[in-house]
Structure formats: structure tokens, C-alpha cells
Amino acid sequence: MECIPVPIDDLEGKKDLVIEDSEHNVYTRFMKSHRCYDLVPTSSKLVVFDTSLQVKKAFFALVSNGVRAAPLWDSKKQCFVGKSSSHLAHFLSVQDKINKGPTQFYSCISAGMLTITDFINILHRYYKSPLVQIYELEEHKIETWRELYLQDSFKPLVSISPNASLYDAVSSLLKNKIHRLPVIDPLTGNTLYILTHKRILKFLKLFISEMPKPSFLRQTLEDLNIGTFRNIAVVRSDTPLYTALGIFVEQRVSALPVVDDKGRVVDIYSKFDVINLAAEKTYNNLDLTVTKALQHRSQYFEGVLTCNRHETLEAIINRLVEAEVHRLVVVDEQDVVKGIVSLSDILQALVLTDGEEGTA
């Protein structure tokens, strides 16, 4: 057998390469080694709405419970909306055995969730309609609302098994561009928990000190090219609320920095702020300004937090988790808006490395 000598320098180079690769994927491996079930608390509150509930009561309940969406229960069929219980349980069980990954359910009914986005779509579509009076909408039951007004905006329900990995959960959230991922029991079809970017990042942060610290955590947003820095949607203090709702609908953003005449951030108007219109019944006048609307902000307002492109990824993660916010507004030295860095951006950078698509 012929032995080919290998220079010591080559061996050292390969060793460094392995270490670097191991360091680069440390969070990916962590997510692949933990299941969605690991995030389900032993005791938690899950807000569920019966489809016979009046819309105005449902949105008021979202506000009072500080949640942005709730699964829907059909008491007539005795199952969650978007599923037929016996067939779905069997399908889930089979799918779970196949790939332990997320499942998409395509049905004639939309995703079985009532969300703030639904409310925004309704307001924007019918506010100026001569056929529908806005104040009449809230008197409808949820089931009527969805059948009459939301048919063309229905989307497939994306959910995941508790046995699937957190890597699959992150992949599904990012690939499907959703903010909530129901964890559904494959045997009963019941929703156990709602996974979000915030909850997953918070879980990761609990263990982050026990893992090797990758060198990229010390790099800046600019170095890593994390965040959105082009075509940032903003509004001014005097922007009509109806215009802001249109931006939410058309550009599919979850928050709009409010800027002054010089482009400096002075506030932020998020989708969650819109729900106050339902709680206080002030949605009959969408011509009022964003500033006026923000005066009705609820106690759940998260505040405007900023950062700059020269801060490290580690600093950004700490700020997001500690403040429990969904995004940071990236500003320059004069507080002029330059971009947005969101929880999705962070999870994409930490978990789906090298542009991975995941198995969703």
C-alpha cells in the first residue's frame, strides 16, 4: 500500500475548516436536536374563539388578552376550523411518521385562525364601499364574517407536529412567511400551543450561554448584511389611517415607522395598534391621522426601539429578547430611518445558514 505524505500545514487547515464549520452551524444543530414539544409549557393560556362569537367581542378579547391571533372552534362540527377531526387526525399521524415535519392543510376553509390581519383587510376593503356599512360588520358572527368578507383571502393552514424539530418550525415560519405556527396533537387534532419567532428566539437565548459562541456574533449588521434596507415603508404623523392600512395590506409589513419631515423616527404604528380601533369602536373614521390613532394605544405597546448598522449581532439579539419586541428600527446618528431588522431576519441568519430552505 502506497502512503502519500500530507503536509502538516494541510492538516491544520482542514482542522480549522472543521472548527469553523462547527461553529457556524451551532444554532442549526441546536434547533435540529430540540422538538417543538420542548417549547410547550406545562401550563399556559390558549385563547380559542367559537365561530358563533360576535366579531366585536372576539377582537376585544384579543386586546384584553394581549394576543394577535386565536384558533377558531366550530361547536357544530366539534372541531377546530379547517379540519375534519377523524380524517385529519389520521392524516396528521401518517404525515408525522413520514417526516416529523410541518404539514399544510389545503381545504375550502381558510387557516383556522382569527388574526389582526383579517380585521385590517376588512377595514381597508369595505371602509369606502357603498354596499357595506363598517359598523354593521362587527355585529356579525365570526363564521358569517369569514364566509361573506374573507373568502378571497383564505390561505392554507400551516401547522406542525409537537414531535417535529425546532429547525422544521423555523423553516416553516420563514418559508411560508407566517408569524404563528400552531402545534397540533397528531392524535386528537387539538392545538397545543402557538409557536412564534419571539418564543423560539427566547428559547434559544435560554441555552445560548451553554453553547460555543460563534465569531459571527461579534460582527455587525452591516458586515453580516442582516435586515432590510431598501424600500422601507414609513408613514408621517399626518398620514391618514386608511393610507397606513393600505400599506399593511399591499406591502405585507407588520409595522410602520412614523417619521418627521427629516425622516427621523418619532414613533411606530404596528398591526397590533390597529386592534384598538375595534376595542374602542373608532374604526368609523379612518381619515384621522396616525398620530391621533396612536393616542388610543393600549397598555401592550412595546415602544420604539432602535439600533444602528454598526452594532453587533449579539447586541441586537439581546435587545430584541430582553425588550420582547418583534423588530428594531435601524437608524443613523441623526435617528433617520435606514432599515428594519426583524426576528425573522435574526432566525434566518442564526438557523438557516448558507441560504438553506429547510425541510418545510
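If you're wondering where the values come from, they're calculated on a predicted model, not measured in any experiment.

The rules behind each value
- Residues numbered from 1 in each chain as written.
- Predicted model: local features only at pLDDT ≥ 70, side-chain atom pairs only at ≥ 80, totals over all residues.
- Heavy atoms only, no water.
- Pairing = 2+ DSSP bridges.
- Helix = DSSP H or I, 4+ residues; strand = E, 2+ residues; numbered from the N terminus.
- Core = buried A, V, L, I, M, F, W, Y, C linked by side-chain atoms within 4.5 Å.
- Buried < 20%, exposed > 50% of the residue type's maximum accessible area, 1.4 Å probe, protein only.
- Contact = heavy atoms within 4.5 Å.
- Phe/Tyr/Trp six-rings, centres within 6.5 Å; stacked < 30°, edge-to-face > 60°.
- Lys NZ or Arg CZ within 6 Å of the ring centre and 35° of its normal.
- Arc of directions from axis to C-beta.
- Axes fitted to C-alpha atoms, helices over the stretch in contact; angles between N-to-C directions.
- Left-handed = near helix turned anticlockwise from the far one by under 90°.
- Nonpolar A, V, L, I, M, F, W, Y, C, P; charged D, E, K, R; others polar.

Caption draft 1: Quick peek at the sheet that holds strand S13 (residues 327-331). One open sheet accounts for 3 strands, arranged S12-S13-S14; its pairing is mixed. Two strands in the sheet have a free side with no partner beyond their single neighbour: strand S12 (306-307) and strand S14 (337-342). Sheet topology places S12 next to S13; 2 bridges connect them, and they run parallel. Within S13, the residue paired with Cys307 across the bridge is Val330.

Caption draft 2: Inspection of the nonpolar core at higher detail. Judged by nonpolar contacts, the single largest core of 47 residues is most densely connected at Tyr27, Leu195, Ile200, Leu201, Val341, Ile346 and Leu350. Of all elements in the fold, only helix H2 (26-32), helix H8 (166-175), strand S7 (180-184), strand S8 (191-196), helix H9 (197-207), helix H14 (313-323), S13 and helix H15 (343-350) reach the threshold of two or more residues within this core. Ranked by residues supplied to this core, first place goes to H8 with 6 residues. Contact partners of Leu350, with chain neighbours within four places excluded, come to Tyr27, Thr28, Leu201, Leu204, Phe216, Leu217, Leu313 and Ile317. Formed by 43 residues, the second largest nonpolar core is a distinct cluster that contains Val81, Ile116, Tyr126 and Ala233.

Caption draft 3: Structural detail: H15. Along H15, the residues that are buried comprise Leu343, Asp345, Ile346, Leu347 and Leu350. At its buried positions, H15 is contacted by H2, H8, H9, H14 and S14.

Caption draft 4: Examining the packing of aromatic side chains more closely. Under the counting rule described, the total for this entry stands at 7 aromatic pairs. Ring centres of Tyr127 and Tyr242 lie 5.7 Å apart, and the angle between their planes is 35°; on these two criteria the pair is classed as tilted. With a gap of 115 residues between them, Tyr127 in the loop between helix H5 (116-126) and helix H6 (134-137) and Tyr242 in helix H11 (residues 241-251) connect regions that are remote in the sequence. Lying across the ring of Tyr167, Lys32 places its NZ or CZ 4.6 Å from the centre. Sitting over the ring of Phe272, Arg68 keeps its end group 4.3 Å from the ring centre.

Caption draft 5: Inspection of the side chain of Arg327 at higher detail. Residue position: Arg327 is located in strand S13. Every residue in contact with Arg327, bar those within four places of it in the chain, is listed here: Ser254, Ala255, Ile268, Leu305, Leu320, Ile340, Val341 and Ser342.

Caption draft 6: Quick look at H9. Turning to H9, its buried residues are His197, Ile200, Leu201, Phe203 and Leu204. All buried residues of H9 lie within an arc of 155° about the axis, which places them on one face of the element. Buried residues belonging to H9 abut H2, H8, S8, H14 and H15.

Caption draft 7: Structural context of the sheet that holds strand S9 (residues 235-236). Judged by pairing direction, the sheet is mixed, and its 3 strands sit side by side in the order S9-S10-S11 without closing on themselves. Strand pairing shows two members of the sheet lacking a second neighbour, S9 and strand S11 (265-270), which therefore form its edges. Sheet topology note: the S9/strand S10 (residues 255-259) ladder contains 2 bridges and is parallel. If you follow Val235 over to S10, its bridge partner there is Val258.

Caption draft 8: The arrangement of the packing of H9 against H14 in detail. Running from N to C, H9 and H14 point in directions that differ by 115°, and their axes come no closer than 10 Å. Here the hand of the crossing between H9 and H14 comes out left-handed. Here Leu201, Lys202 and Lys205 of H9 come into contact with H14, specifically with Ile317, Asn318 and Val321. Broken down by class, the residue content of the contact of H9 with H14 amounts to 3 nonpolar, 1 polar and 2 charged.

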